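These are the residues of each chain, in order.
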Amino acid sequence: KSVTARPARNHLREVAAQKRRNQNLMLIGGAALFVVLIGLVVYLNIRGQQPVAGEETFSSQGNSHIEFGDPSPLAYNSIPPSSGPHYGNLVGWNVYQKDNPQRYEHLIHNLEDGGVVIYYQCDADCTELVQQLSDIVDPYLKAGKHVVVAPNDPNWTINNSQPLHQDMGARIALTAWTKQLKMDDVNADAIRAFIDRYVGIDHHVAGQG
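(A) Region of the structure containing the overall build of the protein chain. The number of helices and strands found in the protein chain is 4 helices and 5 strands. Each helix (α) and strand (β) of the protein chain, taken in turn from the N terminus, gives the series α-β-α-β-α-β-β-β-α. Here the protein chain holds 209 residues, and the buried ones make up 37% of them. Here the analysis covers contacts within the protein chain between residues at least 6 apart in sequence; of these, 62% occur between residues at least 24 apart. Summing over all exposed atoms, the protein chain offers an accessible surface of approximately 12,200 Å²; the carbon and sulfur share of this is 54%.

Structure, rendered in structure tokens:
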């Protein structure tokens, strides 16, 4: 009886030892996976906080509201502007064709609301450029993200007024609040990185709209 029981006990001990080894391996594997995941989250957070290559930062010119239709009482410190006096309502989040420009004073409120405004400037037909930009921003718009694509036209006037836009010195200018990135050719990766970095960051000041 004792001879028969001994192999059974040895087998049970081996099974228990193997079970402990498996549990230890699972614990080690789970801990390693946890460390990797934490490292990935930290990396993505750090990466998301890095400026996009080539972007510029401008000092804030404030959040003050002006009457709709009035020009800004001060010269903006960037073209297109990235902060400063603006109207109290928003431009619709959309892609605007070359024949439908929007006032700087209007679009700044979109920046204040956490939007990204992408300006494009071209002398002749802009169809291809607008389509390229539209293809990039369309998924953001469908997801409800605050993005505008709008023309920058240095020749745009109303009733022969002073031009309402200025030459921005590039074909494309990405703007967020106090941030700007210019390029002459569509760089989809840089555009997406800029949008991902700045879209949705609210810039309202307490007591101001």
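Moving on, there is more to tell.
(B) A look at the sheet that holds strand β2 (residues 116–120). Here 5 strands make up an open sheet; going across it, the order is β1-β5-β4-β2-β3 and the pairing mixed. In the strand order of this sheet, the two ends are held by β1 (56–57) and β3 (147–151), each with one partner. Sheet topology note: the strand β4 (residues 172–176)/strand β5 (residues 179–183) ladder contains 5 bridges and is antiparallel. Looking at β5, one finds that Thr175 is bridged to Gln180. In the packing of helix α2 (residues 104–112) onto the sheet, contacts are made with β2, β3 and β4, and the angle to β2 comes to roughly 145°. Helix-sheet contacts for helix α4 (residues 188–198) involve β2, β3, β4 and β5, and the interaxial angle to β5 is about 175°.

(C) Up close: the state of the cysteines. The tally for this structure, following the rule as stated, stands at 1 disulfide. Note on cysteine connectivity: Cys122 is disulfide-linked to Cys126, with sulfurs 1.3 Å apart. An S-S torsion of about 70° defines the bridge between Cys122 and Cys126 as right-handed. Comparing Cys122 with Cys126, the two get one shared label, buried.

(D) Quick look at the side chain of His109. Relative to the assigned elements, His109 resides in helix α2. Looking at His109, its side chain comes within polar contact range of the main-chain oxygen of Gly88, at 3.3 Å.

(E) A look at unusual backbone geometry. Pro80 follows Ile79 through a cis peptide bond whose omega is -10°. Along the chain, Pro80 falls in the loop between β1 and α2. For Thr178, which is not glycine, the phi dihedral falls at a positive 65°. Relative to the elements of secondary structure, Thr178 occurs in the loop between β4 and β5.

(F) Examining the nonpolar core more closely. Ranked by internal contacts, the top residues of the largest apolar core, which has 26 residues, are Ile118 and Ile195. Taken together, the elements giving at least two residues each to this core come down to β2, α3 (127–142), β3, β4, β5 and α4. Broken down by element, this core gets its largest block of residues, 6 residues, from α3.

(G) Main features of the pairing of β4. Within β4, 5 of the 5 residues are buried, which leaves the element mostly enclosed by the surrounding structure. Side chains Ile172, Leu174 and Ala176 project from β4 onto one buried face, and the interleaved Ala173 and Thr175 project onto a second face that is buried too. Sheet topology places β2 next to β4; 4 bridges connect them, and they run antiparallel. Bridge pairing links Tyr120 to Ile172 in β4. The turn joining β4 and β5, which pair antiparallel and follow one another in sequence, is formed by 2 residues; a positive phi near 65° is taken by Thr178.

Conventions and cut-offs
Residues numbered from 1 in each chain as written. Predicted model: local features only at pLDDT ≥ 70, side-chain atom pairs only at ≥ 80, totals over all residues. Heavy atoms only, no water. Helix = DSSP H or I, 4+ residues; strand = E, 2+ residues; numbered from the N terminus. Buried < 20%, exposed > 50% of the residue type's maximum accessible area, 1.4 Å probe, protein only. Contact = heavy atoms within 4.5 Å. Areas by Shrake-Rupley, 256 points an atom, 1.4 Å probe, with all protein chains shown as cover. Pairing = 2+ DSSP bridges. Axes fitted to C-alpha atoms, helices over the stretch in contact; angles between N-to-C directions. Disulfide = S-S within 2.5 Å. Polar contact = N/O pair within 3.5 Å; in protein donor to acceptor, adjacent residues only side chain to side chain. Core = buried A, V, L, I, M, F, W, Y, C linked by side-chain atoms within 4.5 Å.

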